[in-house]
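Structural overview
Here is what each chain is made of, one letter per residue.
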Amino acid sequence: TERLAGDFGPQSVTLASDLPIEGGTSGAVLLTNPRFPEVATDVEKRIVSSNFFDVLKARLVRGRPLQPSDVRGSQPVVVVNETFARVWLEGDPVGQNVAFSWGIDGTQTVVGVVADVREGGLDEQPKAAIYIASAQRPHFDMRVMVRTSRPMSDATDRIRASVANLDAAPPVIDMRSTDDIVAAS
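Residues numbered from 1 in each chain as written. Predicted model: local features only at pLDDT ≥ 70, side-chain atom pairs only at ≥ 80, totals over all residues. Heavy atoms only, no water.

1. Focus on unusual backbone geometry
As a rule of thumb, non-glycine residues mostly have phi less than zero, and peptide bonds are mostly trans rather than cis. Our working rule: Helix numbering and strand numbering both begin at the N terminus, where a helix is a DSSP run of H or I of at least 4 residues and a strand a DSSP run of E of at least 2. Any residue under 20% of the maximum accessible area for its type is buried, any over 50% is exposed, and the rest in between are partly exposed; the area is computed with a 1.4 Å probe on protein chains only.
Although it is not a glycine, Lys-57 adopts a positive phi angle of roughly 60°. By secondary structure assignment, the location of Lys-57 is in the loop between α2 (52-56) and β4 (60-63). Its relative accessible area of 62% is what places Lys-57 among the exposed residues.

Below is the structure:
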């Protein structure tokens, strides 16, 4: 993302395991909250770069966003959305712990709450979502998101060139504008 940030600006490029509006991976979250001794089900999971919320311009409601210092070996942290906090956590969500059934060991501390982002489509109600720092939990299949006012053809050429300069092996398979994603939802 650093190379693309040089072309588009540091708050214009981020990575995510799944794109907003398109839906993605959902699963269960084990709660340490005595009010809910069972698991939170059907929670959207997003593994994201620390600047994900800045690029999306998602409003931080409470606590802090993910930070570049949230790396492997540091305290495992997550950010949840307002729906997750309202439905599954009691009291102040910041500082509460959750555990996943997604191959992540141990518990993670909730450090922030962001406003709901439409994860499954503009016509769907917001779903409970949890955001995991990609530097703490690297994921093999990430999407590059670029916020730009440049024409799509110019942005596409720059992104393809940047990816090819990093490694010629992984192809850029699909590039779509937000307008195209919204239209398909």
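2. As for the environment of Gln-108
Relative to the helices and strands, Gln-108 is located in strand β7 (residues 107-114). Here Gln-108 falls in the buried class, since its relative accessible area comes to 3%. For the pair Gln-108 and Gln-75, spaced 33 residues apart in the sequence, the C-alpha separation amounts to 7.6 Å.

3. Side note on the pattern of salt bridges
Rule in force here: Every case where a carboxyl oxygen of Asp or Glu lies within 4 Å of a side-chain nitrogen of Lys or Arg is listed as a salt bridge.
Per the counting criterion, the structure on display carries 4 salt bridges. Of the charged contacts in the structure, one is a salt bridge between Glu-44 and Arg-46, with a shortest N-O distance of 3.2 Å. We classify Glu-44 as buried; its relative accessible area is 3%. The class for Arg-46 is buried, based on a relative accessible area of 0%. When the shortest N-O distance is used, the salt bridge between Glu-44 and Lys-127 registers 3.7 Å. Of this pair, Glu-44 sits in strand β3 (residues 39-48) while Lys-127 sits in the loop between β7 and β8 (129-133); the two residues are 83 residues apart in sequence, bridging distant segments of the chain. Among the residues examined, Lys-127 registers a relative accessible area of 27% and is labelled partly exposed. Salt bridges sharing common partners tie together Glu-44, Arg-46 and Lys-127.

4. What to know about the packing of aromatic side chains
The line we're drawing: Pairing of aromatic rings covers Phe, Tyr and Trp, the last through its six-membered ring, and needs centres within 6.5 Å; plane angles under 30 degrees mean stacked, over 60 mean edge-to-face, and all others mean tilted.
One pass over the full model with this rule turns up 3 aromatic pairs. Measuring from centroid to centroid gives 5.4 Å for Phe-52 and Phe-53, while their planes differ by 80°, and the two rings are edge-to-face. Like Phe-53, Phe-52 is buried.

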